[in-house]
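Per-entry structural report
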Amino acid sequence: MSLSLTKHRFSEISLEGIQGACLDLDDTLYAYEPCNKAGFRAVLNRVEQQRIVEPAALEQAWKEARSRTHQQLSGQAASHSRLLYLHTALELLFGRSEPALALELESCFWDAYLNVMEWNPEAEAFLQALKSAGIRTCIVTDLTSHIQFRKWAHLDLQRYCDFMVTSEEAGLEKPNPIIFHKALSKLQLAPEQVMMVGDNHEKDILGAVQLGMRAYLI
Ligand SMILES: [Mg+2]
């Protein structure tokens, strides 16, 4: 077992003695922030163009809705659900539920998000190296399955990866061991045979190290 608090580049990670690799998705295989900004901007543009509500009012309601959703669903996949943020934000704005509009704006968000999502080239090269070395891979990711599957499709992860486990599927988010156990079970490997690679120290690194996996913060 090895734990390093220092950040690594993908090219520095040794594959020696490894039979499986778990990888985080968001902010590990691609940069999250530009995508999230593009998604949010698209939603604000849409409400302005269609005169649904003032963008500033939606922005404020979104913040409140996000905070309530995080609090209500802490540790679960749906705590980050843009659909639930929008559902609650629209209730705050209109005093009633607007599920059809929430759905429309959620699509608007994720379509714009995926539109600007592109590979971290070092991450793609790393996955190519894992594949060439015959190392089995599992994406281990916090969020609801539908959008994480869309991200898989967008990056065409089928070319490199064998498995994916989402926190919706596991029931709880990283660093809960349940999600890592699920990944190891899919890989049919023991913790000491598998490495975890991710950008979040607490979720990705501590979560994996607790189970005896080696882990690399990138
Ligand atoms: Mg991440």
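Residues numbered from 1 in each chain as written. Predicted model: local features only at pLDDT ≥ 70, side-chain atom pairs only at ≥ 80, totals over all residues. Heavy atoms only, no water.

Quick look at the coordination of the magnesium ion now. Six octahedral donors around a metal ideally subtend angles of 90 or 180 degrees, whereas four tetrahedral donors ideally subtend 109.5 degrees. Around the magnesium ion, the protein contributes the donor atoms D24 (OD), D26 (O) and D199 (OD), at 2.1 to 2.2 Å from the metal centre. Here the donor residues of the magnesium ion share one chain and are spaced in sequence as D-x1-D-x172-D. With D24 in the loop between strand 2 (20-23) and helix 1 (32-49) and D199 in the loop between strand 5 (194-198) and helix 9 (201-209), this residue pair connects regions lying 175 residues apart in the sequence. (Donors = N, O, S within 2.8 Å, 3.2 Å for Na, K, Ca; no water. Helix = DSSP H or I, 4+ residues; strand = E, 2+ residues; numbered from the N terminus.)

Moving on: the nonpolar core. Formed by 53 residues in total, the largest nonpolar core has its most connected members in L23, L29, L127, I139, L157 and V197. Elements that contribute at least two residues to this core include exactly strand 2, helix 1, helix 2 (55-72), helix 3 (82-94), helix 4 (99-116), helix 5 (121-132), helix 6 (145-155) and strand 5. No other element matches the nine residues that helix 4 contributes to this core. Viewed by domain, this core spans two of them, domain 1 (3-30 + 118-217) and domain 2 (33-116), each represented by three or more residues. Those residues in contact with I139, other than ones at most four positions away along the chain, are L23, L25, L29, W152, L157, C161, F163, M164 and V165. With 20 residues, the next largest nonpolar core counts C138, V140, V194 and I205 among its residues. (Core = buried A, V, L, I, M, F, W, Y, C linked by side-chain atoms within 4.5 Å. Buried < 20%, exposed > 50% of the residue type's maximum accessible area, 1.4 Å probe, protein only. Domains from an automatic or database assignment. Contact = heavy atoms within 4.5 Å.)

Turning our attention to unusual backbone geometry. Residue K174 is joined to P175 through a cis peptide bond whose omega torsion reads 10 degrees. As for its placement among the helices and strands, P175 is situated in the loop between helix 7 (167-170) and helix 8 (177-187). Backbone geometry at R51 places phi at a positive 50 degrees, although glycine is not the residue there. Structurally, the position occupied by R51 is in the loop between helix 1 and helix 2. One non-glycine residue, D156, adopts positive backbone phi at about 55 degrees. For D156, the location among the structural elements is in the loop between helix 6 and strand 4 (163-166). By relative accessible area, D156 is classed as partly exposed at 35%.

This part is about helix 9. Within helix 9, the full set of buried residues consists of D204, I205, G207, A208 and V209. Between the side-chain oxygen at the start of helix 9 and the backbone nitrogen of E202 there is a gap of 3.1 Å, and the oxygen is on N200. (Polar contact = N/O pair within 3.5 Å; in protein donor to acceptor, adjacent residues only side chain to side chain.)

Our next topic: the pattern of salt bridges. Side chains that differ in sign of charge can pair as their charged atoms come close. Applying the stated criterion to the full structure yields 13 salt bridges. Residues R68 and E64 are paired through a salt bridge, measuring 2.7 Å at the closest nitrogen-oxygen approach. Here E64 and R68 lie together in helix 2, a separation of four residues that amounts to about one turn. On the accessibility criterion, R68 (41% relative accessible area) is partly exposed. Measuring nitrogen to oxygen at the nearest pair gives 3.8 Å for the salt bridge that ties K203 to E173. With K203 in helix 9 and E173 in the loop between helix 7 and helix 8, this pair connects stretches of sequence that are 30 residues apart. Residue K203 is classed as partly exposed on the basis of its relative accessible area, which comes to 24%. If you follow the salt bridges from partner to partner, you end up with D24, K174 and D204 in one network. (Salt bridge = Lys/Arg side-chain N within 4 Å of Asp/Glu carboxyl O.)

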